[in-house]
Amino acid sequence: MKRSSKVVTALTLSAGLALTACAPTAETGTGAEGGDAAKTVNVGIVYSKTGPLAAYGDAYYEGLQAGLDYATEGTNKVGDTELNITYHDDGGDPDKAVTVAKELIGKDYKILAGTASSGIALKLVEQAAQNKVLYISGPAASDAITGANKYTFRSGRQSMQDVATAGTFVDDLKDKKVTVFAQDNAFGQGNLAAVDAILGMEGAKVSSILVPEDVTEFTPFARQLVDAKPDLVFAAWAGATSGSMWQALDQQGAFDVAPIVTGLGDVATYGAFGDAGEKISFLNHYFPGAAGTEVEKAMISSIEEADKEVDLFSPDGFVAGQMIAQAVAEGGDDVEKMVTSLEGWSFEGPKGETTVRASDHALIQNMYQVSLSKDGEKWIPELVETVPGEEVAPPEVVN
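Treat the numbers as computed from the prediction; the structure is a model and nothing was measured. Each residue is numbered by its place in its chain's sequence as written, counting from 1. Given that this is a predicted model, residues contribute local features only at a pLDDT of at least 70 and side-chain atom pairs are listed and counted only at 80 or more, while totals for whole chains, interfaces and linings are drawn from all residues. The basis for the side-chain values is all heavy atoms of the structure; hydrogens and waters are excluded.

Asks: When you look at the nonpolar core in this model, what are you seeing that I'm missing?
Replies: Residues belong to one nonpolar core when they are buried, are Ala, Val, Leu, Ile, Met, Phe, Trp, Tyr or Cys, and are joined through side-chain atoms within 4.5 Å. Each residue's exposure class comes from its accessible area (1.4 Å probe, protein chains only) as a fraction of the maximum for that residue type: buried when under 20%, exposed when over 50%, partly exposed otherwise. If you look at the biggest cluster of nonpolar residues, it comprises 50 residues, and the most contacted ones within it are I45, L134 and I324. The leading source of residues in this core is helix 9 (residues 314–331), at 7 residues. The contact rule is simple, with two residues in contact once any of their heavy atoms fall within 4.5 Å. In this structure, L134 is in contact with K110, I111, L112, Y151, F153, A327, V335, M338, V339 and L342, ignoring residues within four places of it in sequence. The next biggest cluster of nonpolar side chains, apart from the first, holds 39 residues, and it includes L225, V233, L249 and A290. Runs of H or I in DSSP of at least four residues are treated as helices and runs of E of at least two as strands, each being numbered from the N terminus.

In structure tokens:
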């Protein structure tokens, strides 16, 4: 599918977007300011064009362009309604994002979308509730976004879906020993809590080996893991010591004891696991070609025609485009009707059948078991199994 010429040209990570506290500048994509109010709906995309999550922001942006083009058939219109879409850099800064959101809401923007940062997303969740505008969160994985309020939706998966997918590497979790191997920090402790909540609910006996952040010699901890003889290991690790940690697990024979599961991230990280990469059992939100659906093929074609690469969060952007089009198609410029139109909506997304759960707006979608293999110097993801979305749906949030 060829992108409409109306879609804003691809952003580059190096280009900056200046935002000031009083008047944030915007990149205007499709549509134009002003015009017949009844025939135009303003949509503000707040995402990380710059900052620590810029790579995720880029993947989301490119997916969004493809999704909007697909959902509007290249017209940038939903029926007779023009979409006025502007793009705003949050720079990874929650305060900047809130400033942008308030400015846009003051200009009668009905829809806000985007961000890969959970901290930023949760701030925008508050703005949506306070001002009664539709907010569609992007790749941000925080579980707290789901069920936060009636105006908040999400176009990506959440952490509980990752953890539930890890549990599918064992046939029956009841009475199985699951060990969380992680850094002893907020990230590691958060993953431990999620595994305990999700897999513990399935009957698993969850324990942990939490490694101090300043440790650089991992052999004793790898040995401790082997001696624990778990049935499943959930590894949660980030940062510069990742390579050394995986090497230690490999050298101590940990992969011979139990499946070691961790998340497969964006393409740039495939080589970070070293030789252990071929032994790890990966849970995965998405990799290029994972689904094999016609919608995914359309997304890939559109992104590649723009000379960009499909990546981990391309579907999050694409689905956001589909959700924006659905909201306007059924709700016009009435936010309450937009909300109603999305609740319970099932559609074919890049990953297959996708459903917005009516009760709490969780996005029910397929997940993946994946392996990595090395071809020369390149690491190639291979699909092991598609995990049906209903099997890894997060617990329903009851307010």
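Asks: Can you help me understand the layout of surface pockets in this one?
Replies: Empty space left among the atoms is revealed by rolling a probe the size of a water molecule over them. Using protein atoms alone on a 1 Å grid, points that fit a 1.4 Å probe yet trap it form a cavity, whereas open point sets bounded by protein on both sides within 12 Å along at least five of seven lines form a pocket; residues with an atom within 4 Å of a point count as lining. Grid points are joined across faces, edges and corners, and a volume is the space filled by probe spheres set on the points. By volume, the largest pocket amounts to about 1,200 Å³. For the largest pocket, the lining is made up of 39 residues, of which Y56, R157, D162, F187 and W237 are closest to its centre. At the level of elements, helix 4 (159–167), helix 5 (186–201), strand 10 (232–236), helix 7 (242–251), strand 11 (260–263) and strand 12 (281–284) are the ones that each hand at least two residues to the lining of the largest pocket. With 5 residues, the top contributor of residues to the lining of the largest pocket is helix 5. The residue inventory of the lining of the largest pocket, partitioned by class, reads 22 nonpolar, 13 polar and 4 charged. Taken as a whole, the second largest pocket encloses approximately 300 Å³ of empty space. Lining the second largest pocket are 16 residues, with A164, T168, L173, E202 and E391 positioned closest to its centre. The set of elements that each furnish at least two residues to the lining of the second largest pocket consists of helix 4 and helix 5. Sort the elements by how many residues they give to the lining of the second largest pocket and helix 5 lands first, with 3 residues. Any residue that is not Ala, Val, Leu, Ile, Met, Phe, Trp, Tyr, Cys, Pro, Asp, Glu, Lys or Arg is counted as polar, Gly included; the first ten are nonpolar and the last four charged.

Asks: Before we go on, may I ask you to explain the UniProt feature "domain: Leucine-binding protein" (unreviewed entry) in the chain in this structure?
Replies: UniProt positions are given in the numbering used here, feature names are shortened, and annotations may be inferred rather than shown by experiment. Per the UniProt annotation, the sites labelled "domain: Leucine-binding protein" (unreviewed entry) are residues 40–376. From the first C-alpha to the last, residues 40–376 spans 51 Å; its make-up is 38% helix and 23% strand.

Asks: What's the story with the pairing of strand 8 (residues 177–183) in this structure? I'm lost.
Replies: One face of the sheet, then the other: side chains in a regular strand alternate in exactly this way. Burial runs high along strand 8: 6 of the 7 residues are buried. A pair of strands is labelled paired if DSSP reports no fewer than 2 bridges between them. Relative to strand 9 (residues 205–211), strand 8 is paired through 7 bridges, and the arrangement is parallel. Opposite F181, over in strand 9, you have I209 as the bridge partner. A crossover counts as right-handed when, viewed with the strands pointing away from the observer, the path leading from the first strand over the helix to the second turns clockwise. What joins strand 8 to strand 9 is helix 5, and the crossover it makes is right-handed. Summarising the sheet, strand 8 and strand 10 pair through 5 bridges and their orientation is parallel. Looking across to strand 10, one finds that F181 is bridged to A235.

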